[in-house]
Amino acid sequence: MSKIKKIILSAMLLSILIIFSRFASIKTEILVISMSFIPIMMSAIWLGYKYTMLIALLGDFIGAILFPFGPYFPGFTLSAAISGAIYGIFLYNKGNEREDKKLIIRLIVSSILVLFIVNIFITSFWIHILYGKAYIAVMTSRIVTQVIMLPIQVVTIYLIEKFSRPFVNKYLFDKK
């Protein structure tokens with residue numbers, strides 16, 4: 001894929017990320033339920049970890065500045081960048097050959113790492129610092145949501161990737 005296509009795709013995924021995370025989500029002080037994982041994981045599959053980290057970082061920063069739903073806290077931006085890096089490292093396939101079984105395994109592993117390490121441990125720590133809530137209480141309240149989101153993320157991304165594969169191969173990777 002050419003660099004111009006990567007930049008254009010990154011801009012499109014960034015705008016979708018901001019819309020999903022700021023306007024199409026359920027927000028509470030402790031918890032955010034959103035479909036913002038879709039553009040992040042799709043950029044990880046198509047673009048790799050560098051672009052995905054940048055998209056996640058910019059998406060959080062721009063979204064927090066333009067459409068805040070609380071005070072800006074750089075820890076959440078760092079968490080977004082770490083998530084983008086994890087997804088990008090696990091999901092990117094340079095050969096652009098997609099095998100369904102390998103994709104499912106990579107989706108499960110990357111989702112478990114992000115949902116548990118970043119969303120439960122690190123983000124709970126940021127909430128503890130920002131709002132003064134008890135760390136263990138915040139962490140345990142987030143576990144249920146993350147366990148529910150795991151199969152939703154894996155199935156959603158697998159289906160989107162599978163159904164978009166012919167179009168992506170034709171228009172992004174110039175394969176017929």
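Conventions adopted
Residues numbered from 1 in each chain as written. Predicted model: local features only at pLDDT ≥ 70, side-chain atom pairs only at ≥ 80, totals over all residues. Heavy atoms only, no water. Phe/Tyr/Trp six-rings, centres within 6.5 Å; stacked < 30°, edge-to-face > 60°. Helix = DSSP H or I, 4+ residues; strand = E, 2+ residues; numbered from the N terminus. Buried < 20%, exposed > 50% of the residue type's maximum accessible area, 1.4 Å probe, protein only. Core = buried A, V, L, I, M, F, W, Y, C linked by side-chain atoms within 4.5 Å. Axes fitted to C-alpha atoms, helices over the stretch in contact; angles between N-to-C directions. Parallel < 35°, antiparallel > 145°, perpendicular 65-115°, else oblique. Left-handed = near helix turned anticlockwise from the far one by under 90°. Contact = heavy atoms within 4.5 Å.

A.B. asks: Which residues make up the packing of aromatic side chains, and what are the values?
C.D. replies: Applying the stated criterion to the full structure yields six aromatic pairs. Residues Phe73 and Trp126 carry aromatic rings whose centres are separated by 5.6 Å and whose planes lie at 65° to one another, so their mutual orientation is edge-to-face. Of this pair, Phe73 sits in the loop between helix H3 (49-66) and helix H4 (74-91) while Trp126 sits in helix H5 (residues 100-131), placing them 53 residues apart in sequence. Given the relative accessible area of 15%, Trp126 is considered buried. A network of ring pairs unites the aromatic residues Phe73, Phe76, Phe125, Trp126 and Tyr135 as a single cluster.

A.B. asks: Could you give an account of the nonpolar core, with specific residues and numbers?
C.D. replies: In this structure, Trp46, Leu107 and Ile157 are the most contacted members of the largest nonpolar core, which totals 33 residues. The leading source of residues in this core is helix H2 (residues 37-47), at nine residues.

A.B. asks: Could you give an account of the packing of helix H1 (residues 3-22) against H3, with specific residues and numbers?
C.D. replies: In the contact formed by H1 and H3, the axes pass within 9 Å of each other and the chain directions differ by 40°. By the angle class used here, H1 and H3 are oblique. Seen from above, H1 lies across H3 with right-handed handedness. Contacts between H1 and H3 involve Lys3, Lys6, Ser10, Leu13, Leu14, Leu17, Ile18 and Arg22 on the former and, on the latter, Tyr51, Ile55, Ala56, Leu58, Gly59, Asp60, Ile62, Gly63 and Ala64.

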